[in-house]
Amino acid sequence: MIELRSTLAGRITLAVLATLILLFLAMPIIVIVVTSFGKDAFGNFPPSSWTLGWYKQLFADGSKWPAALSLSALVASLTTVFSLVLGMTAATALVRSELPLRSAVYGLVLAPLVIPQVVIALGLFLLFEPAAMLGSPIAIALGHTVLAAPIGVMILMATLKGIDERLEDAAASMGAGRLTVWRRVTLPLAAPGLVAAGIFSFITSFDEFFISQFLSSVDTVTLPVKVFNVLQYNVDPSVTAVSAILIAVAVVALALVAVVRKLGGSGKQDGLLLTEPTVGLTAGSETSS
Amino acid sequence: MAVLAPVSGSAAPVPRKKRLGRVLSERRTRFGLLNAAPVVVYLLILFVYPIFSTLMLSLKAENGGFTLHWYADAFRGANLEILLTTLRISAETSLLALVVGFALASAISRLKPLWAGLAMLVVVVPHFISALVRTYGWIILLGDNGVVNNLLTALHFPGAPFQLLYNEIGVVIGTTAVMLPYTVLLLYAVMKGIDRRLLAAAAGMGAGRITIFRRVYVPLVAPGLVNAGVLSFILCLGYYLTPALMGGEKQTMVASLIDEQVMKQNQWNGASALGIILLLLTFAGLLLLRLLKSAGEALRKRGEAS
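Keep in mind the model is a prediction, meaning the values are calculated, not measured. (Residues numbered from 1 in each chain as written. Chains lettered and ligands numbered in written order. Predicted model: local features only at pLDDT ≥ 70, side-chain atom pairs only at ≥ 80, totals over all residues.)

What about the UniProt feature "transmembrane region" (unreviewed entry) in chain A?
All names here are of chain A. Stated formally: UniProt positions are given in the numbering used here, feature names are shortened, and annotations may be inferred rather than shown by experiment. We count a stretch as a helix when DSSP gives it H or I for four or more residues in a row; a strand needs E for two or more, and each element gets its number in order from the N terminus.
Mapped onto this numbering, the UniProt entry gives "transmembrane region" (unreviewed entry) at residues 12-37, 67-93, 105-128, 134-160, 181-203 and 239-260. Helix makes up 92% of residues 12-37 and strand 0%, with an end-to-end C-alpha separation of 35 Å. Across residues 67-93 one finds 100% helix and 0% strand; the C-alpha atoms that close the span lie 39 Å apart.

Take a look at the structure:
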C-alpha cells in the first residue's frame, strides 16, 4: 500500500500532542478519584496521606447523601423500564413494519437529542408544576425518559437490524404465533441489545442534571442536583467521594455493556462502545436530512 | 400464518395474490402503527406539547392577550448581553473543540489499530461520565493551588499562577472538554474514510506537505469539520453546568438566566421566550448544516461532471 511517508519529527510531535489531549480528557476524572482518597479534601494533588473517611462520612448518621442516592437509583430504574418498553416497540415499528410517515416518526424520536435540554426541562416544568407533581420520582423519571428513550430506540433499532428476519419468519412458518415468535425468538436474540439499551438508559437518567433540577422539590433532590448544589453553595468534602462513585457507576456500566456485547457476539466488537456516542451525533444530521 | 401459506404456493391465481399482498401489507402497517403508538404518544405529551405550551406562554401578556413583549425584553439590556455572551462562548468553545479535536482525530487515525482503540477509549469513556463530575474535576485542577498552577509555578512559567477559574478561560476549558468527544468522534469517522493514497498521489506529483494538507486533506475532511463545528456550537448554546460552576458573572449564559427566572424570580413568560429563542437558534444551526450539506453535494456533483 502506498502511504505518504511521515517524518520522525512529525510522528513525535503528533504523539506528544495526542498524549497531551488525551490527558486533557482523562485528568479531571483521575484527579477526582485520587483526591477522594486523600486526607486533605480539596488541597494538594497528589494528596500527602490517604483515607477512606470521605466515603464513610457519606453513610454516617444524618448524612443526606443516601436519600439522594436512593432517589436517583429509583428514578433511573423507572426510566430504564419506560425507555425499554418505548424503545422496543418503537424499534420494532421502525425496523420491522411498513410505517406510514416513517421518517416523521424517526425524526420525532431523535429530536430530544438535539433540542437544548434547558428547553425540554422548562417545558416539563410547565407541564408538571400545575399538576403539583414537582419532586415526584415518577415525574422526574417520565422527564428523563424523554432523553433516554431516543437512545434506547437507536440501540434497539441497530439490534433488530442485526437479527436475521428469516429466523422469525421460520418460527412463524412452523406455527408459532406472533407473541411466541417474539418471546422465544426475537427477545432472546435481542437480549444483548436490550441490556445495552437498559444500561445506557439507566446512566442517562442517573447522571441527568437539568431536568431533575427543574422537577425537584426542596426535599426530593437527585444525586447530581445535590452535587451541583454542594459545589455551588456550600462546601462538603464528601462531594469528591460522591463524584468518584458516579464515575465508578459509569465505568462499571460501560464495562457491562462491553461484556454483554462480547458474549452476545454481535460481530462488531472493535466498535464495542463506539456506536453509542455517535447516537447523539448522528441525530443532528439525521433529523436535518 | 394461515394467510402466509398461499403466498408461497405458485399456483395461486394472480389477482388473489395481489389482494393478499395488500392484506399482508395492511397487516404490516397496522402492526407498525400499533408499535409506533407508545413512543409517539409519549413524546407528543411529554416533549412536543410542553414545548408548544412554552411557546404559548412566551407570547402571552399578563392580561391573557397576545404580546411580543417578552421577546423585546430578551433583546434588551442585561438579557441581550447574556445572549451575546452565549453566542461568544459557544463560538470560542466550538472553535477550540474543533481545532483540538482535529489534531487528536488525525493523530488517532494514523495509529495502529490497537493503539487507536485504546485512544478512542480515552475519548469515549469520559463522554459517558457525568459532565457535572468532570466539571468538578476541572475546578480541582484549575484552582489557585490546583495541579495546573502548581505545575506552572514549579516550571517558573512567567506570570504563574494564573486565575483560571470563575472567568472565561475556565468556562472555555471546561466546556471544550465536554464537547471534545463529539468533535473527535465525528472527525475520526470522516478521517478513517479518507483514501490516504490520494495524499501519496499528491506528494508523487510534487506537492509539498503544506500544500497537501491545505489542498487535499482539509477539503476531504471539510464535511466532518462543518458537522462537528455546527453541532458543538448548537450543543453549547443551551449548556448550563460548566458555565454556571466555572464562570464568573460575565460568563452567565442563557440557560443560567432561564434557570434563575424560573427558580428565583417566578418569571415564567420571560424564561419561555428565552427558551424559544434558544430553540430557534438550534433550528437555524440545523438548517445551516442541511444547506451546507446540499451545497457540498451540489459542488461535488459539478466537480464530477466536469
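Let's talk about helix 10 (residues 223-232) of chain A
The following threshold applies: Counting other C-beta atoms within 10 Å of a residue's own tells you its class, since 20 or more makes it buried, 12 or fewer makes it exposed, and anything in between is partly exposed; those C-beta atoms are placed from the backbone. Think of it this way: build a C-beta for each residue from its backbone, and any pair within 7 Å is a contact.
Of all 10 residues in helix 10 of chain A, 7 are buried, a share of seventy percent or more. Among the residues of helix 10 of chain A, Leu223(A), Pro224(A), Val225(A), Lys226(A), Val227(A), Phe228(A) and Leu231(A) are the ones counted as buried. The elements touched by buried residues of helix 10 of chain A are helix 3 (65-96), helix 8 (178-207), helix 9 (210-215) and helix 11 (239-264) of chain A together with helix 6 (131-142) and helix 11 (241-246) of chain B.

Brief notes about the UniProt feature "transmembrane region" (unreviewed entry) in chain B
Per the UniProt record, "transmembrane region" (unreviewed entry) is found at residues 31-52, 89-108, 115-141, 169-190, 216-241 and 271-292 of chain B. Secondary structure across residues 89-108 of chain B comprises 100% helix and 0% strand; the distance between its end C-alpha atoms is 28 Å.

Considering the interface of chain B and chain A
Applied cut-off: Residues are sorted three ways: Asp, Glu, Lys and Arg are charged, Ala, Val, Leu, Ile, Met, Phe, Trp, Tyr, Cys and Pro are nonpolar, and all the rest, Gly among them, are polar.
Between chain B and chain A, the contact holds 80 residues from the first and 80 residues from the second. In terms of residue count, helix 2 (residues 14-58) of chain B provides more of the side of chain B that touches chain A than any other element does, 19 residues in total. Among the residues forming the side of chain B that touches chain A, the class breakdown is 59 nonpolar, 16 polar and 5 charged.

What to know about the UniProt feature "domain: ABC transmembrane type-1" (unreviewed entry) in chain B
UniProt records the feature "domain: ABC transmembrane type-1" (unreviewed entry) at residues 83-289 of chain B, using the numbering of this structure. With 78% helix and 0% strand, residues 83-289 of chain B has end C-alpha atoms that lie 22 Å from one another.

A few points about unusual backbone geometry
Even without being a glycine, Ala132(A) presents a positive backbone phi close to 55°. By secondary structure assignment, the location of Ala132(A) is in the loop between helix 5 (117-128) and helix 6 (137-162). Residue class for Ala132(A) comes out exposed when judged on the 10 C-beta atoms lying within 10 Å of it. The backbone phi angle of His156(B) is positive, close to 55°, even though this residue is not glycine. As for its position among the elements, His156(B) is in the loop between helix 7 (147-154) and helix 8 (168-192). We classify His156(B) as exposed; it has 7 C-beta atoms within 10 Å.

Here we look at the environment of Trp268(B)
Looking at the secondary structure, you find Trp268(B) in helix 13 (residues 268-305). Remark: the alpha-carbon pair of Trp268(B) and Ser58(B), spanning 210 residues in sequence, is separated by 8.1 Å. Discounting residues that sit within four places of it in the chain, Trp268(B) has contacts with Leu126(A), Leu57(B) and Val262(B).

Describing the domain arrangement of chain B
Put simply, the rule reads: Those domain boundaries reflect an automatic or database domain assignment.
What the domain assignment reports for chain B is domain 1 (5-58) and domain 2 (77-305). For domain 1 of chain B versus domain 2 of chain B, the distance between C-alpha centres works out to 39 Å.

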